[in-house]
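Fold and geometry: a report
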Amino acid sequence: MSDYLEPPRRYRQDDETPRRGTQREDRQSPRRSNVVQHGGTKINKADIFTLGGMDIPFFAITIALLTIGLVMLFSASYPYALQNEDSSYYFFSRQLVFAIAGFIVMLAVSKLNYKLLKVIVTPLTAVTLLLLAVVLVYHTDNGDFKRWIPIGPLTLQPSDIAKFAVIVLMAYYVSKNAKRMNNLIYGTVVPILILGVFCGLIYLEHHLSCTILVFCIGAVIMFCGGSDWRIFALGVGVMAAVVVVVVLNPEVLMNYAGDRIKAWLDKGFDPRGLRWQTNNSLYAIGSGGFFGTGLGNSKQKFLYVSEPQNDFIFAIVCEELGFIGAGIIIALFAAMFIRGIQIALRTDDKFGALLVIGIVSQVAVQTVFNIMVVTDTIPNTGIALPFFSYGGTAILMLLFEMGVVLSVSRKSNQKKV
């Protein structure tokens, strides 16, 4: 046994900058070839994969919503699929393929260091803006809407990618300028300009609901990142005034958006046209009652609620599962948001915390908007319900985002329950 005790060694953490004069292993810097770098962000290649356990409650909630969503998608879509695609399984089978792929992607992303997103923030932003521009000139033939890029038998919706790109870009900008966010220029003007570019391109697609959603996501990240609350409150007031003006003068919007506001205000407006889907949605919700008609027993999905696999799937949920089933699903969405906020609060890294806040806020705001549309609380804006509505790009990107949240949870050193 040695006659003396060796002094304890101090190992630095991932984010800690090595100090001069520390132990030898602290003084040694990694070779240039072993570092992934972008701007001021450096990540050792050895740290690309994240160790530690994921947040099990958040993972369980995600799987629960995904499973219920797939079951309800099949139940809601098979009459419409049989009528229009000659196969009851058309929408379900396609969604299942993307869901399985998304599940694998979620697990893989959860093992990666989320800080790699800092490295790809520039190319991610550039590619997203390029796709948003391309879809304006090259898109599927769907009337006035320019939302999908055809790729062989599949389609790509750039706005689904844009939602995630905005979260990453805003989280990166706010975390990098954390000490200047209370400044008018850095904390308000520049972020609004960033959001304006994305929102402007999405609006040109005739996608008003996604335009509003992207702006709300950016505003949440700005507020949580430290923007001056007085300026923020003033901005909210201005936006509220704009909404009032638009509601009172819907003709200032594009024809399709203005007509939908008119149909929302006038409950007798064109019942076989713009009011058709909303009216039948309300019939479905009302007929569901407290306990519902039972899984698979909806009547409104038989070509009354048009395309029930998309934006109005929650109406079929209410009809078949009733108030209790719909309440449980809403509770699961609320639990996902609360758990996500807990993960963010327990994360020391500001970039990681803002990533999680942006992602769970996207799901929460989109869910609230969808339910408000289905219940005729706001005009029909054509916004999907996360985990439930049909859409390959949407479910793939959503599960990718869930993987990012799980990756942050692995690095947060929180107590797993």
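Above this text you will find the structure in question.
These lines cover the structure that appears in this document, whether it is placed above or below. In this text, all values refer to a predicted model and were calculated from it rather than measured experimentally.

Here we look at the overall build of the chain
The helix and strand tally for the chain stands at 14 helices and 4 strands. Of the contacts made within the chain by residues no fewer than 6 positions apart, 72% connect residues no fewer than 24 positions apart. Entry remark: accessible area of the chain is about 20800 Å², with carbon and sulfur atoms responsible for 64%.

Concerning the packing of helix α6 (residues 158–176) against helix α8 (residues 208–225)
Helix packing geometry: the angle between the two helix axes and the distance between the axes. In the contact formed by α6 and α8, the axes pass within 10 Å of each other and the chain directions differ by 15°. Of the possible angle classes, the one that applies to α6 and α8 is roughly parallel. Crossing of α6 over α8 shows right-handed handedness. Contacts between α6 and α8 involve Ser-159, Lys-163, Val-166, Ile-167, Met-170, Ala-171 and Val-174 from the former and Cys-210, Leu-213, Val-214, Ile-217, Gly-218, Ile-221, Met-222 and Gly-225 from the latter.

Here's the deal with the side chain of Asn-177
With respect to the secondary-structure elements, Asn-177 resides in the loop between α6 and α7 (184–204). The class for Asn-177 is buried, based on a relative accessible area of 8%. Side-chain polar atoms of Asn-177 contact the backbone oxygen of Tyr-173, separated by 2.8 Å.

Remarks on the packing of aromatic side chains
Within the structure shown, the criterion is met by 14 aromatic pairs. Seen in terms of ring centroids, Phe-74 and Tyr-78 are 5.7 Å apart; in terms of plane orientation they differ by 35°. Their pairing is tilted. Here the residue Phe-74 and the residue Tyr-78 both occupy positions in helix α2 (residues 56–85), the gap between them amounting to 4 residues, near one helical turn. By relative accessible area, which is 26% here, Phe-74 ends up partly exposed.

Overview of the side chain of Arg-410
Mapping Arg-410 onto the fold places it in helix α14 (residues 392–411). Residues contacting Arg-410, with those up to four places away along its chain left out, are Thr-50, Leu-51, Gly-52, Gly-53, Met-54, Ser-110 and Lys-111.

Quick look at the layout of surface pockets
In this structure, the second largest pocket encloses a volume near 1100 Å³. Around the second largest pocket, the lining comprises 33 residues; the ones closest to its centre are Ile-212, Phe-215, Cys-216, Met-239 and Val-243. Where the lining of the second largest pocket is concerned, the elements lending two or more residues are α7, α8, α9 (229–248), α10 (255–265) and α13 (350–374). Per-element tally for the lining of the second largest pocket: the top contributor is α9, with 9 residues. Looking at the lining of the second largest pocket, its residues break down into 25 nonpolar, 7 polar and 1 charged.

A closer look at the nonpolar core
With 91 residues, the main nonpolar core has Phe-198, Leu-355, Phe-387, Phe-388 and Met-402 as its most contacted residues. Beyond its immediate sequence surroundings of up to four residues, Phe-198 is in contact with Thr-125, Thr-128, Leu-129, Leu-132, Ala-162, Ala-165, Val-166, Leu-169 and Val-214.

Section: the pattern of salt bridges
Enumeration over the complete set of coordinates arrives at 4 salt bridges. The closest approach of N and O atoms between Asp-55 and Arg-339, which form a salt bridge, is 2.7 Å. Highlighted residues: Asp-55 in the loop between β2 (41–44) and α2 and Arg-339 in helix α12 (residues 313–345), separated in sequence by 284 residues. For Asp-55, a relative accessible area of 0% puts it in the buried group. Overall, Arg-339 belongs to the buried group, its relative accessible area being 9%.

Overview of unusual backbone geometry
For His-206, which is not glycine, the phi torsion reads 65° and is therefore positive. By the element assignment, His-206 lies in the loop between α7 and α8.

Observations regarding the packing of α2 against α12
The contact between α2 and α12 brings their axes to 10 Å, and the two run at 160°. Relative to α12, α2 is oriented roughly antiparallel. The chirality of how α2 crosses α12 is left-handed. By residue class, the composition of the contact of α2 with α12 is 19 nonpolar, 3 polar and 2 charged.

Focus: a nonpolar patch on the surface
Residues Leu-184, Ile-185, Tyr-186, Val-189 and Leu-193 make up a contiguous nonpolar surface patch of roughly 430 Å² in combined accessible area. Mapped onto the fold, Ile-185 is located in helix α7.

A closer look at α12
The first and last C-alpha atoms of α12 sit only 33 Å apart over 33 residues, clearly below the 48 Å expected at 1.5 Å per residue. Where α12 bends most, at Gly-322, the angle is about 120°.

Let's talk about the environment of Asn-380
Examined against the element boundaries, Asn-380 turns out to sit in the loop between α13 and α14. Residues Asn-380 and Phe-312, 68 residues apart in the sequence, show an inter-C-alpha distance of 9.8 Å. Beyond its immediate sequence surroundings of up to four residues, Asn-380 is in contact with Arg-260, Gln-277, Thr-278, Phe-312 and Val-373.

Section: α6
Helix length check: α6 (19 residues) gives 26 Å between terminal C-alpha atoms against 27 Å at 1.5 Å per residue, within 8%. Most of α6 is tucked away, with 18 of its 19 residues classed as buried.

Quick look at the state of the cysteines
Under the definition given, this model contains 0 disulfides. Between Cys-199, a cysteine without a disulfide, and Cys-210, which holds the nearest cysteine sulfur, the sulfur-to-sulfur distance is 8.3 Å. A residue is classified by how much of its surface remains accessible, and Cys-199, at 9% relative accessible area, is buried.

The rules behind the values
- Residues numbered from 1 in each chain as written.
- Predicted model: local features only at pLDDT ≥ 70, side-chain atom pairs only at ≥ 80, totals over all residues.
- Heavy atoms only, no water.
- Helix = DSSP H or I, 4+ residues; strand = E, 2+ residues; numbered from the N terminus.
- Contact = heavy atoms within 4.5 Å.
- Areas by Shrake-Rupley, 256 points an atom, 1.4 Å probe, with all protein chains shown as cover.
- Axes fitted to C-alpha atoms, helices over the stretch in contact; angles between N-to-C directions.
- Parallel < 35°, antiparallel > 145°, perpendicular 65-115°, else oblique.
- Left-handed = near helix turned anticlockwise from the far one by under 90°.
- Buried < 20%, exposed > 50% of the residue type's maximum accessible area, 1.4 Å probe, protein only.
- Polar contact = N/O pair within 3.5 Å; in protein donor to acceptor, adjacent residues only side chain to side chain.
- Phe/Tyr/Trp six-rings, centres within 6.5 Å; stacked < 30°, edge-to-face > 60°.
- 1 Å grid on protein atoms, 1.4 Å probe; cavity = no way out; pocket = protein on both sides within 12 Å on 5 of 7 lines; lining within 4 Å.
- Points joined across faces, edges and corners; volume = space filled by probe spheres on them.
- Nonpolar A, V, L, I, M, F, W, Y, C, P; charged D, E, K, R; others polar.
- Core = buried A, V, L, I, M, F, W, Y, C linked by side-chain atoms within 4.5 Å.
- Salt bridge = Lys/Arg side-chain N within 4 Å of Asp/Glu carboxyl O.
- Patch = residues over 30% accessible without salt bridge, like charges linked within 9 Å, V, L, I, M, F, W, Y side chains within 5 Å.
- Expected span 1.5 Å × (residues − 1).
- Bend = angle between axes of the 7 residues up to and from the residue.
- Disulfide = S-S within 2.5 Å.

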